[in-house]
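# Commentary on secondary and tertiary structure
Chain by chain, the residues run as shown.
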Amino acid sequence: MKIKSHGTRGSVPTPSTEDFSTVKYGGNTTCVSIRPENSNELYILDAGSGIRVLGNELMKSGEGLGKLVARFFITHVHWDHVQGFPFFTPAYLPGNVINAYAYDARLQDTKKAFADQQKQADNKPTDVMRKTTGTRAIGHKDPESNHPKNVMKDVMDTKKKYFPVGLEAMAATINFHEIRKNEEIQGPLTVTYKFLNTHPQGYAYWRFQEENGGSMVFASDYESDGFLKTGVKGNLGELDLQFVKFAQVADVLFLDGQYTPEQYQKSKTWGHNDIEQACHLAKAANVKMLYLTHHDPNSDDSKLDKMEQHAKAFMKSLDSDIEVFFAKEGQVIDVPLVANTIL
Ligand SMILES: [Zn+2]
Ligand SMILES: [Zn+2]
């Protein structure tokens, strides 16, 4: 499989046209594509502003002119993961086929978890936003309203005036598929997911597995519950252990690495990792390569360079030879099929 990052930024796009300070790691929000080894299908994960760039690539190559067969997955409905969808040009062209997969949040036991987190957040007004707004929006009261099945319709609903054209303007064939709990999606890649409730309003992380080939796990918005609850680096909570099992021996793990250890102390419960704890998670999952992603809008290239060096050194200090990188927009990672050793 070939994995390409089209957007690595978290929270909000960060163009740097004045000082070019974000061109190395990129300013577009989350979008990644995967091309399986022996298939023409394209797997797309998330529709941050990076999906516009992917769409332009597909138009340029001609694939987007009616030949595209794509499977589209979404981690969650925060703006930085859906805002680019109306600008994905191939969706407007007849002949293209997009199979959109949505997990069913109603099937998860999220209501109680959300309520618990809300209670916890209300009791601990530790950040400025909570002080000014009363509470941060941790623990959405109605997880069904986040159902990604409706995301595309919501983003492009003319009545809501978010965007001047509606989903009906998209002439591609868009099929919606609902995924049941623990369901595997079969195809050139086998796709599975797990629901996570430490990210505000919920999140789904995904695994893409190629038969006789590589595997990629994507968890761009992830906060370790073990570290959050105990404050002890390396401590893995119940949800961490679930994640570690899910991501076991993946060739490539994209994992939330938004904060330095200092930043994390001021941003607990915001749903993002401290880079050192991210290294612990990757080590416990025994992955081959770790790509830290969801870069903070206030981290410019020089800061991200320093964070990458810090993370590499920290991983070494754990006696691990896992390769650590900070994800870059435009970067392609090639995970080849496993060589057939039986001659
Ligand atoms: Zn995000
Ligand atoms: Zn988010």
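Structure: above.
In this report, the structure presented in the accompanying data block is examined.

This next bit is on the overall build of the protein. Secondary structure assignment for the protein yields 10 helices and 13 strands. Put simply, the protein has 343 residues, and 48% of those count as buried. In the protein, 71% of the contacts between residues at least 6 apart in sequence involve partners at least 24 apart.

Judged by pairing direction, the sheet is mixed, and its six strands sit side by side in the order 7-8-9-10-11-12 without closing on themselves. Looking along the sheet, the strands with just one partner apiece sit at the ends: strand 7 (189–196) and strand 12 (323–326). Each strand axis lies, on average, 15° off the axis of its neighbour in the sheet, ignoring direction. Alignment of strand 9 (residues 215–219) against strand 10 (residues 252–256), held across four bridges, turns out to be parallel. The residue of strand 10 that forms the bridge with Phe 218 is Phe 254. Packed onto the sheet, helix 9 (residues 275–285) meets strand 10, strand 11 (289–293) and strand 12 and runs at close to 150° relative to strand 10. Strands strand 11 and strand 12 of the sheet are contacted by helix 10 (residues 301–317), whose axis makes an angle of about 165° with strand 12.

Counting 80 residues, the largest nonpolar core has Tyr 205, Leu 253 and Leu 255 as the members making the most contacts within it. When residues of this core are assigned to their parent elements, the largest contribution, seven residues, is made by helix 9.

This brings us to the packing of helix 9 against helix 10. Put simply, helix 9 and helix 10 touch, their axes get as near as 9 Å, and they point 40° apart. On the basis of their axis angle, the class for helix 9 and helix 10 is oblique. Read as a crossing pair, helix 9 and helix 10 show a hand that is right-handed. Contact residues: helix 9 offers Ile 275, Glu 276 and Cys 279, while helix 10 offers Met 307, His 310, Ala 311, Phe 314 and Met 315. Its residues assigned to classes, the contact of helix 9 with helix 10 shows six nonpolar, one polar and one charged.

So, about the pairing of strand 7. In terms of burial, strand 7 is a largely internal element, six of the eight residues being buried. In this structure, strand 7 lies alongside strand 8 (residues 203–210), joined through eight bridges in antiparallel fashion. Its bridge partner lying in strand 8, Tyr 193 is registered against Trp 206. With antiparallel pairing between neighbouring strands as the criterion, strand 7 and strand 8 make up a hairpin whose turn holds six residues, including Gln 201 at a positive phi of roughly 70°.

Burial analysis of strand 1 (residues 2–7) places five of its six residues in the buried class, the great majority of the element. Across five bridges, strand 1 lies against strand 2 (residues 31–35) in antiparallel orientation. Across the sheet, the residue bridging to Ser 5 is Val 32, located in strand 2.

Another aspect to go through is the packing of helix 7 (residues 238–246) against helix 9. Where helix 7 contacts helix 9, the two axes come as close as 8 Å, and the packing angle between them is 50°. The orientation of helix 7 with respect to helix 9, classified from their angle, is oblique. Note that helix 7 runs across helix 9; the crossing there is right-handed. Contact residues: helix 7 offers Asp 240, Phe 243 and Val 244, while helix 9 offers Leu 281, Ala 284 and Ala 285. Within the contact of helix 7 with helix 9, the residues separate by chemical class into five nonpolar, no polar and one charged.

Okay, the environment of Gly 50 next. Note on placement: Gly 50 falls in helix 1 (residues 50–61). Note on Gly 50: 29 C-beta atoms within 10 Å, which makes it buried. Considered as a pair, Gly 50 and Thr 8 are 42 residues apart in the sequence and their alpha carbons are 8.1 Å apart. When sequence neighbours within four positions are dropped, the list of residues in contact with Gly 50 reads His 6, Gly 7, Asn 28, Thr 29, Thr 30, Cys 31, Gly 84 and Glu 329.

Reading guide: rules and limits
- Residues numbered from 1 in each chain as written.
- Chains lettered and ligands numbered in written order.
- Predicted model: local features only at pLDDT ≥ 70, side-chain atom pairs only at ≥ 80, totals over all residues.
- Helix = DSSP H or I, 4+ residues; strand = E, 2+ residues; numbered from the N terminus.
- Buried ≥ 20, exposed ≤ 12 C-beta atoms within 10 Å, placed from the backbone.
- Contact = placed C-beta atoms within 7 Å.
- Pairing = 2+ DSSP bridges.
- Axes fitted to C-alpha atoms, helices over the stretch in contact; angles between N-to-C directions.
- Core = buried A, V, L, I, M, F, W, Y, C linked by C-beta atoms within 7 Å.
- Parallel < 35°, antiparallel > 145°, perpendicular 65-115°, else oblique.
- Left-handed = near helix turned anticlockwise from the far one by under 90°.
- Nonpolar A, V, L, I, M, F, W, Y, C, P; charged D, E, K, R; others polar.

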